[in-house]
Amino acid sequence: MEWASQLCENRGLGSKMTDSKYFTTTKKGEIFELKAELNSDKKEKKKEAVKKVIASMTVGKDVSALFPDVVNCMQTDNLELKKLVYLYLMNYAKSQPDMAIMAVNTFVKDCEDPNPLIRALAVRTMGCIRVDKITEYLCEPLRKCLKDEDPYVRKTAAVCVAKLHDINAQLVEDQGFLDTLKDLISDSNPMVVANAVAALSEIAESHPNSNLLDLNPQTINKLLTALNECTEWGQIFILDCLANYTPRDDRESQSICERVTPRLSHANSAVVLSAVKVLMKFMEMLPKDLDYYGTLLKKLAPPLVTLLSAEPELQYVALRNINLIVQKRPEILKHEMKVFFVKYNDPIYVKLEKLDIMIRLASQANIAQVLAELKEYATEVDVDFVRKAVRAIGRCAIKVEQSAERCVSTLLDLIQTKVNYVVQEAIVVIKDIFRKYPNKYESVIATLCENLDSLDEPEARAAMIWIVGEYAERIDNADELLESFLEGFHDESTQVQLQLLTAIVKLFLKKPTETQELVQQVLSLATQDSDNPDLRDRGYIYWRLLSTDPVAAKEVVLAEKPLISEETDLIEPTLLDELICHIGTLASVYHKPPSAFVEGGRGVQHKRLPARAGSGESAESPDVGQAVSAVSDAPPAVIPSQGDLLGDLLNLDLAPPTSNVPPVPSSMQMGAMDLLGGGLDSLLGGDVGGSPAMGVSLGGAPVGMPAGLGAAPAVGGGLGDLFDLGGGVGVTAGSYIPPKTVWLPAMKAKGLEISGTFARRSGVIHMDLSFTNKAMSVMTDFAIQFNKNSFGLAPAGPLQVLTPLSPNQTVDVSLPLSTTGPVMKMEPLNNLQVAVKNNIDVFYFSCQYPISLLFVEDGKMDRQVFLATWKDIPSENEAQFQIKDCHLNSDAASNKLQGSNIFTVAKRTVDTQDMLYQSVKLTNGIWMLAELRIQTGNPNSTDLELSVKCRAPEVSQYVYQCYELILRN
Amino acid sequence: MSASAVFVLDLKGKVLICRNYKGDVDMSEIDHFLTLLMQQEEEGLMCPVISHGSVHFMWIKHSNLYLVATTNKNSNASLVYAFLYKLVEVFTEYFKELEEESIQDNFVVVYELLDELMDFGFPQTTDSKILQEYITQEGNKLEVAKTKVPTTVTNAVSWRSEGLKYKKNEVFIDVIESINVLVNANGSVMSSDIVGSIKLKTMLSGMPELRLGLNDRVLFALTGRDKGKTVAMEDVKFHQCVRLSRFESDRTISFIPPDGESELMSYRINTHVKPLIWIESVIEKFSHSRVEIMVKAKGQFKKQSVANNVEVRVPVPSDADTPKFKTSTGHAKYVPEKNLVVWTIKSFPGGKEFLMRAHFGLPSVENDEMEGKPPITVKFEIPYFTVSGIQVRYMKIIEKSGYQALPWVRYITQSGDYQLRTNA
């Protein structure tokens, strides 16, 4: 026993004999020696030998050469020895498949052993031997074990089906094991049920289309019953399986929730989280006004808080999930801020997560406490934590407006500490604060400038340079400061170089006289001495802009910047919903969908929350797995996924045949994208009532289709409106209504997009508006107000946006207008300044209305009066216009114009020219007279000539614009 | 669903023992684990999940071991960590101490346990008392176990064996409340709560049905009784043995207890508690010369009660030297390896106030390293008393043989996470 004594010496163990003695043989003839021992007649010696073999295996030595000898020891009535031999087989069978066959007989025999422990052991081990040849021999014993009288054997056999399926799925199906497994869900023993559920879930996960987990109210009931009786692990299997079920209605949803809530009191954190998953998911179906909904919300908070007393790793998983829950349902934990305060001895990963949740929960009510804590954290030593704490202060400032001032002063205090990385983080966040609250905190710039020299991180340097450039006019020595950065231009990172280039150009545009040299220097550095294409391109653009049109350059470079949004790191809603379905899993820890980190197409399946009751969607979807349609399943990605493409295709097919986009009302300087987007929005949010055929087909299009994609004709909105009008009182031809255009882009209004147009219907002026919520939170409390304007337009009633506007939702409102409001002459005359308020802020925009809006219905002048008035108005008040390329004959033109209350008083034909005499009356009583000349003889001359006479000649040009618009549409 | 394989590693990342449950992750992937962990540690971004390509490592550390689970699926992470901690618990109950040596010394049993605790990534029986009935450390006992069918393993009551016999039937109930407090440097209590735990030591024959009665406010409200003081528990967690749906419906705590020691339940109470031992501290640091510390401790609990084994741990700079102490009671000691002064007071009566002064020298050369601001922590125990006022009103024990059994109740309040931030 040399190895033993050696060991004892080494360890000083003396008399104590433990398994460790088996680890010490390292001699050369070892395998040979073991072989002899394995074939010994003495049982004890045999066992000792097998232990030594296993010990060698454990330390990574290759003992596969002993395969036949070890297998020979298999037929023993000693359970411990048997287990060791089985263990050996599991390890080496794959490398010696032919020899593994030798073991089959014993396995088969053991599966019929009178001792259930041995039967289970055999079936368990056989499933772990991943050798094809063995699997076929496994089927018969497995079939018997699945029906074994002992539940211990059955529960082991249930798992074995999953193992076998993993090796040979076809075999399992052919042998009907899946059905047997499904039957086991009704087994009398809870542990068997739990393992059957686990096995089925595992198989279903890798074969999403297998329709294995055909859950129905009966099976759900069985699972809920077993839930009360099985082990903690079994409870998790069942809860995770339940989470895949979609209840038929809100009643079923509630009854399942009621039976799952007791699990929130389980001591095992994993049981609690799985229960939270089921509840969070099924809650989605409950009507919010239901009492039970509120009860459930209240029940969720305490167990979530208690998870924070678990072991740190479980705390971490819990915190990552709480982060999701707080985004999905902020009301659950809104009063629990304090439990997320960081403890000194928390591991760093717990600290960082707590900090993140603190910011999410920060509100006006608790901001003072939060700030005090953050300030405390910012003086800690852990660099990453401190950085994040400083950033958090900045985020608070941006999130809770009332706290901004306090946050800024806290940041200034921190800058005074002169701790290098603290200063740099502070400057980065102060830049964001400037962008959120322009013209408020610039007084701190001087303090920031003092720290210029200590900045050594690109992000901080870039932020500081941005600040200097942006506020160059307030910083006396801005040129010196920027110049100091320029010295080491080529050593800076790209981020800093780009920022420096822009900042100096800004400076130049603000103080052109003193900085010419500087700007030339930076432009040449960027364009000639740099090999970074981004930098070079930007340099050239500035150069050309500055040299060709300095005014345009100013407009571009010093353009007003959109405000930054409040929460920059929210998880995109569809992803959030998917992650809620994965509470407790790795996906919820990574905040990534499983498809992002699970390899291969198998097992990648998007889950989604069930639809809320009443939406009519849920009733038909039996199971999430099957019901996932291509459209709503689109993962959030930059590249349009199948769903998006489908949306586009639908949209293309739907587009009404039309060739040209109508002209935008003058001077609306929206980009093409916005124009199209606006049109698309109104198309989708369409006047379903007005155009039934279109409404029906539109119903099939995905609602959340991204605006601005695809060539959506903007005329759609107008078309709808035309239909609308056609259904009205007996008007022969509708007045022309321009399509809706975007008046207020979302990025200027914290996510609220307003597009609209004007229409005159049955003598009433309407402002037709579409509100689209492109932000992440619900918008409410809308109101509208007009500034004084040329014709006294004013809302005739309050703005009727009755229901809160949820994210991505669009609502169409028609606001009747009166002309009795205060009057002030506007430039241009038809300009209208509008203020719209919602729960978030007040937004201003201006739009222009076609003056035809003001043409009243009784505007037809008597012929005699017309003649007299025409003569009466001095000829210097007459204005001449040309309407080019109009193919209408006089009757058609006359008809069209009458639709917009431009009345033909008389018609005269001279040679090849028709002359229409027309009158228009504005809401304020002003008359306008017009003569429209149309060529009839020559088909090539299609230009119309228009003369307008009016006592208020400044209106004429707007009248002409209306003619243009009406005749061309 | 959960783990593909489970590994036990030593601190150098060497595999001591492992078990491949699913075979879908290459076992050699574990070789990357320690390198990745070290890398994270260096970057100060430690995380309990590490990924390497498509493989994810979920790990915990226990004494000188890493327990690591691998997976390449979207596993239930909370289940995996809960299972790893369960492994620690089971191994500890088997081997007293779980460390490198005990794994090597018992590798045969460890293999057996790994085989029994999890199958194909699904945790199975993890109750060590039940496991000990059929997985024994000495091989010779196996002959007995061989003939025994492990019914408990698959029973609905999977935590208690049948046929237990005691001469004297008794239950010992310990109600232990831990106080967690976080006090700001300016003396305001940032957060405080009570985490209570009811532990049982059951020595009862047969399969007894137990019912525990507490002065639970919700229960009293339900039953309409309104006598005496009640306690509102914010959240309650129960051992597997308690019938949760019964508690949910009528707040009855009914169960068949596990034999021997177990934690029956824990609860959390949010009510604002006055910190039982209040600490005021003045820490003055004179750079290059000295640190002066003055700590005042006050017992803010009933005069009749006494806090035992009170320890006030005050942080000092790591480069402090030549300690001098003066205490009005108890004994102060410098623990340089932890940068602490530990002031021990064996017995601290309620309402009393004690003082400790400490003086340290500082080297004239300043320490470059930034030091954190560790808080003062306090440890104590107050017997015969619970802060929340929770009471065991009854423990009913019914067994079909009809024996009489006695419950014994003991109360204790102790410090939990008790931290007071300092100005230093």
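Residues numbered from 1 in each chain as written. Chains lettered and ligands numbered in written order. Predicted model: local features only at pLDDT ≥ 70, side-chain atom pairs only at ≥ 80, totals over all residues. Heavy atoms only, no water.

A. Quick peek at unusual backbone geometry. The peptide bond linking glutamate 827 of chain A to proline 828 of chain A adopts the cis configuration, its omega dihedral lying at -10 degrees. Assignment of secondary structure puts proline 828 of chain A in the loop between strand 6 (810-818) and strand 7 (831-837). Phi angles above zero are rare outside glycine, and threonine 322 of chain B is one such case at about 35 degrees. (Helix = DSSP H or I, 4+ residues; strand = E, 2+ residues; numbered from the N terminus.)

B. Quick look at the confidence of the model for chain B. Residue and element names in this part refer to chain B. Chain-level statistics for chain B give a pLDDT mean of 90 and a share of 95% at 70 or above. At the level of individual helices and strands, chain B shows its lowest average pLDDT in helix 6 (residues 142-147), which scores 46, and its highest in strand 5 (residues 65-71), which scores 97. Ignoring residues within four places in sequence, the model shows residues 139-146, a span with pLDDT below 50, making 13 contacts including any to other chains. For this predicted complex, the interface score ipTM comes out at 0.92, alongside a pTM of 0.72. (pLDDT = per-residue confidence, 0-100. Contact = heavy atoms within 4.5 Å.)

C. Region of interest: helix 6 (residues 97-110) of chain A. All names here are of chain A. Helix length check: helix 6 (14 residues) gives 20 Å between terminal C-alpha atoms against 20 Å at 1.5 Å per residue, within 8%. A bend of about 35 degrees at alanine 103 is the largest found in helix 6. What helix 6 keeps buried is the set Ala100, Ala103, Val104, Thr106, Phe107 and Asp110. Looking at the buried residues of helix 6, the elements they touch are helix 4 (67-72), helix 5 (79-92), helix 7 (116-128) and helix 8 (132-146). (Expected span 1.5 Å × (residues − 1). Bend = angle between axes of the 7 residues up to and from the residue. Buried < 20%, exposed > 50% of the residue type's maximum accessible area, 1.4 Å probe, protein only.)

D. Spatial organisation of the packing of helix 3 (residues 43-58) of chain A against helix 5 of chain A. Residues and elements named next belong to chain A. Remark: helix 3 packs on helix 5, axes separated minimally by 10 Å, with the N-to-C direction vectors making an angle of 35 degrees. Of the two possible hands of crossing, helix 3 and helix 5 adopt the one that is left-handed. For the pair formed by helix 3 and helix 5, the contact residues are Lys47, Val50, Lys51, Val53, Ile54 and Met57 on the first element and Glu80, Leu81, Leu84, Val85, Leu87, Tyr88, Asn91 and Tyr92 on the second. For the contact of helix 3 with helix 5, the per-class residue count stands at 10 nonpolar, one polar and three charged. (Axes fitted to C-alpha atoms, helices over the stretch in contact; angles between N-to-C directions. Left-handed = near helix turned anticlockwise from the far one by under 90°. Nonpolar A, V, L, I, M, F, W, Y, C, P; charged D, E, K, R; others polar.)

E. Examining the nonpolar core more closely. Formed by 283 residues in total, the largest nonpolar core has its most connected members in Tyr88, Leu333 and Phe434 of chain A together with Leu113 of chain B. Looking at which element gives the most residues to this core, the answer is helix 2 (residues 77-95) of chain B, with 13 residues. When sequence neighbours within four positions are dropped, the list of residues in contact with phenylalanine 434 of chain A reads Tyr441, Glu442, Val444, Ile445, Leu448, Trp466, Ile467 and Tyr471 of chain A. By size, the runner-up hydrophobic cluster in this structure holds 72 residues, among which are Leu204, Ala297, Met356 and Tyr403 of chain B. (Core = buried A, V, L, I, M, F, W, Y, C linked by side-chain atoms within 4.5 Å.)

F. Here's a closer look at the domain arrangement of chain B. All names here are of chain B. By domain assignment, chain B separates into domain 1 (5-132), domain 2 (170-273 + 387-420) and domain 3 (277-383). Computed over C-alpha atoms, the centres of domain 2 and domain 3 are 34 Å apart. With 12 residues of domain 2 at the interface, the matching set in domain 3 holds 12 residues. When the buried surface of domain 2 facing domain 3 is broken down by residue, Ser415, Tyr418 and Leu420 rank first, second and third, together holding 54% of it. Taken together, domain 2 and domain 3 are joined by zero salt bridges. (Domains from an automatic or database assignment. Buried area = accessible area lost by both parts, 1.4 Å probe. Salt bridge = Lys/Arg side-chain N within 4 Å of Asp/Glu carboxyl O.)

G. Quick look at the sheet that holds strand 17 (residues 321-327) of chain B. All names here are of chain B. An order of 14-15-20-17 is seen for the four strands of this open sheet, with the pairing classed as antiparallel. Lying at the two open borders of the sheet, with one neighbouring strand each, are strand 14 (277-286) and strand 17. Taking each pair of neighbouring strands and ignoring which way they run, the sheet shows an average axis angle of 15 degrees. Relative to strand 20 (residues 353-361), strand 15 (residues 290-299) runs antiparallel, the two being bridged by nine bridges. Paired with lysine 296 across the bridge in strand 20 is leucine 355. (Pairing = 2+ DSSP bridges.)

H. The arrangement of the confidence of the model for chain A in detail. All names here are of chain A. Per-residue confidence for chain A averages 80 on the pLDDT scale, and 83% of its residues sit at or above 70. Contacts of residues 1-16 to residues separated by more than four positions or lying in other chains number 20 contacts, the stretch itself having pLDDT below 50. This model gives residues 615-733 a pLDDT under 50, and the stretch forms 121 contacts once residues within four places in sequence are excluded.

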